[in-house]
Amino acid sequence: MFAFMENNAFREYTHGLVLAPMAGSTDSAFRRICRRMGATAVVTEMVAAAGLSRKSVKSHKLLRFHPEEKPIGVQLFGKRPGDFERAAELVSGMDFDFIDINAGCPVKKVVNSGSGSALLRNIPALTAIVRAVSSQTSLPGTVKIRIGWSPAEPVLDSLPAILADEGAAAIAVHGRYRSDMFAGEVRKREIEKIVRNSPVPVIANGDSRSVSDALDLIDSTGAAGLMIGRGSLGNPWIFRGLLSGKPEDASPLPEEVVSVIWQQYKWMSEYIPESHLYHVLRGQLLNYIRGFRGAAALRGKAVGVDSREDLSDILSELEELLKTERHT
Ligand SMILES: Cc1cc2nc3c(=O)[nH]c(=O)nc-3n(C[C@H](O)[C@H](O)[C@H](O)COP(=O)(O)O)c2cc1C
């Protein structure tokens, strides 16, 4: 499967199994876990182009990554081409493999500022941004879009060619309109149309919660690559299952779950100060504690995790509950 992948960093993004950028979830440690599980490329959480150009510490922290994560793209969001120009120049020296432009985020605050999916309604701004990035870097520039603003305002058939003309080397498509937010079924036919209209590789995204969902998305859209978001949270093994083609590889043993969480914790503790560590860990931990008997009560404990000892207790209980689940 995925025999079309070659040993070429950017091709691992365009024709591979990619971990989607998810603000607040896909930090360096989780991306590293996913790469080890078989994700062929990863993308940073979205980073404000304006924040980078004014040297905001918060934005700069989001650029941190480990060499093991490569190939990695940095995703920028914003609305002013000048900010993207400065940001692209800055990140070009940081060993990223590509620069991705966010034209899909549906969140009100982002959209109201003219960024994210608002760019789908402002093609002059979007093209100026792609041009600004292309002019400042020799790295491939990519764009992550949705299928349109709403069913009444789908993306133009010519959009992929317009973006490619400005220098976009690939397009990732989340198969929803902005008006769908994250709900409703992914619209595969709309992705397929974008694939047909695009002169550059398209990476399909949306609702791959299992190996069969993911294979179906690739088959029904004809996309070059696949991007997985929420289906990987608490289940990075989905990449292992996809890579081997065996759905059972996407179901980890209880001890594998616990050892991956320990690994993630260890990597997080290398760059998150102790004062923040357990707060950030909570969110990650909760992703793993769901879908089995006893999960609700254990989640109650996980939200209070405040020390290594707490984590150790929670993980012992998690392993026991998962073992019981497997034997019933
Ligand atoms: C919590 C969360 C944060 C997200 N953050 C980003 C982001 O920073 N940049 C981006 O392009 N998309 C972001 N997305 C969208 C995902 O990349 C993806 O397009 C979407 O979740 C659909 O794919 P999925 O069904 O596989 O999750 C986010 C999604 C979620 C759920």
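Think of each chain on its own: its residues are numbered from 1, step by step along the sequence as written. Selection of residues for local features in this predicted model requires a pLDDT of at least 70, selection of side-chain atom pairs for listing and counting requires 80 or more, and totals for whole chains, interfaces and linings are taken over all residues. Side-chain calculation: all heavy atoms of the structure are included, whereas hydrogens and water are not.

A.B. asks: An account of the pattern of salt bridges is needed here, citing residue identities and associated values.
C.D. replies: For this analysis, a salt bridge means a side-chain nitrogen from Lys or Arg found within 4 Å of a carboxyl oxygen belonging to Asp or Glu. Under the counting rule described, the total for this entry stands at 20 salt bridges. We note a salt bridge from Arg196 to Glu192, for which the minimum N-O separation is 3.1 Å. Of this pair, Arg196 and Glu192 both sit in helix 9 (residues 188–197), 4 residues apart, which is roughly one turn of the helix. Only protein chains enter the calculation, and the probe is 1.4 Å; a residue is then buried if its accessible area is under 20% of its type maximum, exposed if over 50%, and partly exposed in between. The exposure class of Glu192 is partly exposed, given its relative accessible area of 24%. A salt bridge links Glu270 to Lys266, with the nearest nitrogen and oxygen atoms 3.5 Å apart. Within this pair, Glu270 and its partner Lys266 are both found in helix 12 (residues 254–271), separated by 4 residues, close to a single helical turn. Runs of H or I in DSSP of at least four residues are treated as helices and runs of E of at least two as strands, each being numbered from the N terminus.

A.B. asks: Go over the packing of helix 10 (residues 211–221) against helix 11 (residues 237–244) with me, naming the residues and quoting the values.
C.D. replies: Working convention: axes come from line fits to C-alpha atoms, limited for helices to the stretch in contact. Angles between N-to-C directions cover 0 to 180 degrees. Running from amino to carboxyl end, helix 10 crosses helix 11 at an angle of 60 degrees, the nearest separation of the two axes being 9 Å. Considering their axes alone, helix 10 and helix 11 lie oblique with respect to each other. Between helix 10 and helix 11 lies a crossing of right-handed hand. For the pair formed by helix 10 and helix 11, the contact residues are Val211, Ala214 and Leu215 on the first element and Ile238, Gly241 and Leu242 on the second. Roughly parallel refers to an angle under 35 degrees, roughly antiparallel to one over 145, roughly perpendicular to one between 65 and 115, and oblique to any angle outside these ranges. Throughout, a crossing is termed right-handed when the near helix is turned clockwise from the far one, and left-handed when it is turned anticlockwise from it by less than a right angle. Whether two residues are in contact is decided by their heavy atoms, any of which lying within 4.5 Å being enough.

A.B. asks: Just give me the short version of the packing of aromatic side chains, but keep the residues and values in it.
C.D. replies: Stacked, tilted and edge-to-face are the three classes applied to pairs of Phe, Tyr and Trp rings, where Trp contributes its six-membered ring and a pair requires centres within 6.5 Å; stacked means planes under 30 degrees apart, edge-to-face means over 60, and tilted covers the rest. For the coordinates displayed, the defined rule picks out 7 aromatic pairs. Among the aromatic residues, those joined into a cluster by ring pairs are Phe10, Tyr13 and Phe98. Whether a charge lies above a ring is judged from NZ of Lys or CZ of Arg, which has to be within 6 Å of the ring centre and within 35 degrees of the ring normal. Cation over ring: Arg32 sits above Trp267, and NZ or CZ is 3.8 Å from the ring centre. Over the ring of Phe182 we find Arg146, and its NZ or CZ is 5.2 Å from the ring centre.

A.B. asks: Could you give me a rundown of the packing of helix 2 (residues 28–37) against helix 12, with the residues and numbers involved?
C.D. replies: Remark: helix 2 packs on helix 12, axes separated minimally by 8 Å, with the N-to-C direction vectors making an angle of 140 degrees. Of the possible angle classes, the one that applies to helix 2 and helix 12 is oblique. Judged by the sense of rotation from one axis to the other, the crossing of helix 2 with helix 12 is right-handed. Between helix 2, through Ser28, Ala29, Phe30, Arg32, Ile33, Arg36 and Met37, and helix 12, the contact on the second element is made entirely by Val260, Gln263, Gln264, Trp267, Met268, Glu270 and Tyr271. Here the residues of the contact of helix 2 with helix 12 sort into 8 nonpolar, 3 polar and 3 charged. Residues are sorted three ways: Asp, Glu, Lys and Arg are charged, Ala, Val, Leu, Ile, Met, Phe, Trp, Tyr, Cys and Pro are nonpolar, and all the rest, Gly among them, are polar.

A.B. asks: Give me the site of the ligand: which residues, what numbers.
C.D. replies: Any residue with a non-hydrogen atom lying within 4 Å of a molecule or strand is treated as near it. In the vicinity of the ligand, 16 residues are found, and the nearest of them are Pro21, Gln75, Asn205, Asp207 and Arg230. N or O atoms closer than or at 3.5 Å make up a polar contact, with two conditions inside protein: a donor-capable atom paired with an acceptor-capable one, and, for residues adjacent in sequence, both atoms drawn from side chains. A distance of 3.3 Å separates an oxygen atom of the ligand from a polar backbone atom of Met46. Under the convention used here, a 1.4 Å probe and the Shrake-Rupley method define accessible areas, while residue burial counts only the protein chains that appear. Contact with the protein chains covers 87% of the free accessible surface of the ligand, which is 610 Å². Among the residues forming the shell around the ligand, the class breakdown is 7 nonpolar, 6 polar and 3 charged.

A.B. asks: Mind laying out the domain arrangement of the protein chain, listing which residues take part and the relevant values?
C.D. replies: Domain start and stop points were drawn from an automatic or database domain assignment. Looking at the assigned domains, one finds that the protein chain contains domain 1 (9–250) and domain 2 (254–326). In this structure, domain 1 and domain 2 have C-alpha centres spaced 28 Å apart. Taken together, the contact pairs 18 residues of domain 1 with 14 residues of domain 2. Note on domain 1 versus domain 2: buried area summed over both sides is about 1,300 Å², and carbon and sulfur give 57% of it. When two components associate, each loses some accessible surface as probed by a 1.4 Å sphere; the sum of these losses over both components is called the buried area. Of all residues in domain 1, the largest losses of buried area upon contact with domain 2 belong to Ala29, Ile33 and Trp237, amounting jointly to 33% of the total for that side. At the boundary of domain 1 and domain 2, one finds 6 residue pairs in polar contact (both at pLDDT 80 or more). Those elements that provide at least two residues to the side of domain 1 that touches domain 2 are helix 2 and helix 11. With 7 residues, helix 2 is the largest single contributor of residues to the side of domain 1 that touches domain 2. Residue composition of the side of domain 1 that touches domain 2, grouped by class: 7 nonpolar, 4 polar and 7 charged.

A.B. asks: Tell me about the environment of Asp27, and name the residues and values.
C.D. replies: With respect to the secondary-structure elements, Asp27 resides in the loop between strand 1 (17–19) and helix 2. Classification of Asp27 by relative accessible area gives buried; the value is 11%. In this structure the C-alpha to C-alpha distance between Asp27 and Arg146, which are 119 residues apart in sequence, comes to 23 Å. Among all residues touching Asp27, those that are not within four sequence positions of it are Glu45, Met268, Tyr271, Ile272 and Gln284. Polar contacts involving the side chain of Asp27 include one to the side chain of Tyr271, which spans 2.9 Å.

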